Amino acid sequence: MDATTVICRTCAVEQSAPLPPVCRICADERQYVPPYGQLWVSIGQLAAEGQRVVVAELEPGLLEIYSSPGVGINQHSKLVCTDAGNLLWDPIGFIDDEALAAVLDAGPVVAIVASHPHMFGVQVEWSRALGDVPVLVAESDLEWVQRGAPVIEPWRGDLAVLPGVTLTQPGGHFPGSAVAHWSAGADGRGVLLSGDTVLPNPDRSSVSFMRSYPNRIPLSAAVVERVATSLCRFDFDRLYGNFADYIDTDARPIVRASADRHIGWVRGDFDHLT
Ligand SMILES: [Zn+2]
Ligand SMILES: [Zn+2]
């Protein structure tokens, strides 16, 4: 891998030279530039600082990959493993030889997909290290790619990326915000990898839908209804968010009930409580 690859310290998305004055993803209203200003860092520098990668099994057939002490938004990537190959979902903004070996050890990666631009990480760097694996980017979010490469392939709608693994773009957080449905997950009851389309809440029994989580920008009732309707087409019992957060069971009815709650609040049904 290329130790000179540069990422934004705040979102950990890779950038091409010449570096812009500020990361476009962080300058957007959904993210933020920290008070001390824009900082860039190379993968080599991160490694020298002691950054390392942790790989752990979440359940049979599903690994999580995250960096410690952490870079940028610090998502937990997911590796969905099937007999037909593996999907690397929401790639982290760091890579080292150990991480690469762990991913290769789990089987061939057939596609790298970020749920949305905040989760691009070093997707092109991962692709190169894994042998130029296709990097699928939602067609409507291509404008946020800050390191172009021939391996990037636009996609839209629903996509059966592997047998039993379907990608879809309900949008919301970004126009192309995607989720991955893995039918064999949770002992065959189905798993949803939700990106930032759906955020599992700390109560572990509800979820949220937002245009921006750090800046608390809401979504309308119509958009949340669209997202919930799109997701509830799938059978899933468990939902994994971007980090260590998840809904262990009954995730589908929880998504539906949480959408109804959101819609009720923005419609004014609960104004008497305020
Ligand atoms: Zn950034
Ligand atoms: Zn996001």
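Our subject is the structure listed above.
The sections below set out a description of the structure shown in this document. Everything numeric in this text was worked out from a predicted model, so none of it was measured.

1. Some remarks on the coordination of the zinc ion (ligand 1)
Binding of the zinc ion (ligand 1) to the protein goes through C8 (SG), C11 (SG), C23 (SG) and C26 (SG), at separations of 2.3 to 2.4 Å. For the zinc ion (ligand 1), the four donor atoms in the first shell make angles of 102 to 117° at the metal, a pattern classed as tetrahedral. Mapped onto the polypeptide sequence, the residues donating to the zinc ion (ligand 1) form the spacing pattern C-x2-C-x11-C-x2-C. Of the two residues, C8 is situated in strand β1 (residues 6–8) and C26 in helix α1 (residues 24–27); the sequence distance between them amounts to 18 residues. Each of the two residues, C8 as well as C26, counts as buried.

2. Quick look at the pairing of strand β11 (residues 159–162)
In this sheet, strand β12 (residues 165–168) lies alongside β11 in antiparallel orientation, the contact comprising three bridges. Bridge assignment links L162 to a residue of β12, and that residue is V165. Linking two consecutive strands that pair antiparallel, namely β11 and β12, is a turn of two residues; a positive phi of about 85° is found at G164 within it.

3. Side note on the packing of helix α5 (residues 221–231) against helix α6 (residues 251–267)
Here α5 crosses α6 at 170°, and the two axes come no closer than 9 Å. Between α5 and α6, the crossing angle belongs to the class labelled roughly antiparallel. Facing α5, whose interface residues are A221, V224, E225, A228, T229 and L231, α6 presents V255, R256, A259, H262, I263 and V266. Taken together, the residues that form the contact of α5 with α6 break down as eight nonpolar, two polar and two charged.

4. As for the coordination of the zinc ion (ligand 2)
Within the protein, the atoms that donate to the zinc ion (ligand 2) are H116 (NE2), H118 (ND1), H173 (NE2) and D196 (OD), at distances of 2.1 to 2.2 Å. Considering all four donor atoms around the zinc ion (ligand 2), angles at the metal cover 97 to 152° and the coordination shape is irregular. Binding-site remark: the zinc ion (ligand 2) is held by donors from one chain whose sequence spacing is H-x1-H-x54-H-x22-D. On the criterion of sequence distance, the pair formed by H118 in the loop between β8 (109–113) and α4 (123–129) and D196 in the loop between β14 (191–193) and β15 (199–200) is long-range, its members being 78 residues apart. Comparing H118 with D196 shows no difference in burial state: the two are buried.

Parameters at a glance
Residues numbered from 1 in each chain as written. Chains lettered and ligands numbered in written order. Predicted model: local features only at pLDDT ≥ 70, side-chain atom pairs only at ≥ 80, totals over all residues. Heavy atoms only, no water. Donors = N, O, S within 2.8 Å, 3.2 Å for Na, K, Ca; no water. Tetrahedral: all angles 85-135°; square planar, octahedral: opposite > 155°, others 65-115°. Helix = DSSP H or I, 4+ residues; strand = E, 2+ residues; numbered from the N terminus. Buried < 20%, exposed > 50% of the residue type's maximum accessible area, 1.4 Å probe, protein only. Pairing = 2+ DSSP bridges. Axes fitted to C-alpha atoms, helices over the stretch in contact; angles between N-to-C directions. Parallel < 35°, antiparallel > 145°, perpendicular 65-115°, else oblique. Contact = heavy atoms within 4.5 Å. Nonpolar A, V, L, I, M, F, W, Y, C, P; charged D, E, K, R; others polar.

On their own, these measurements won't tell you what the molecule is for.
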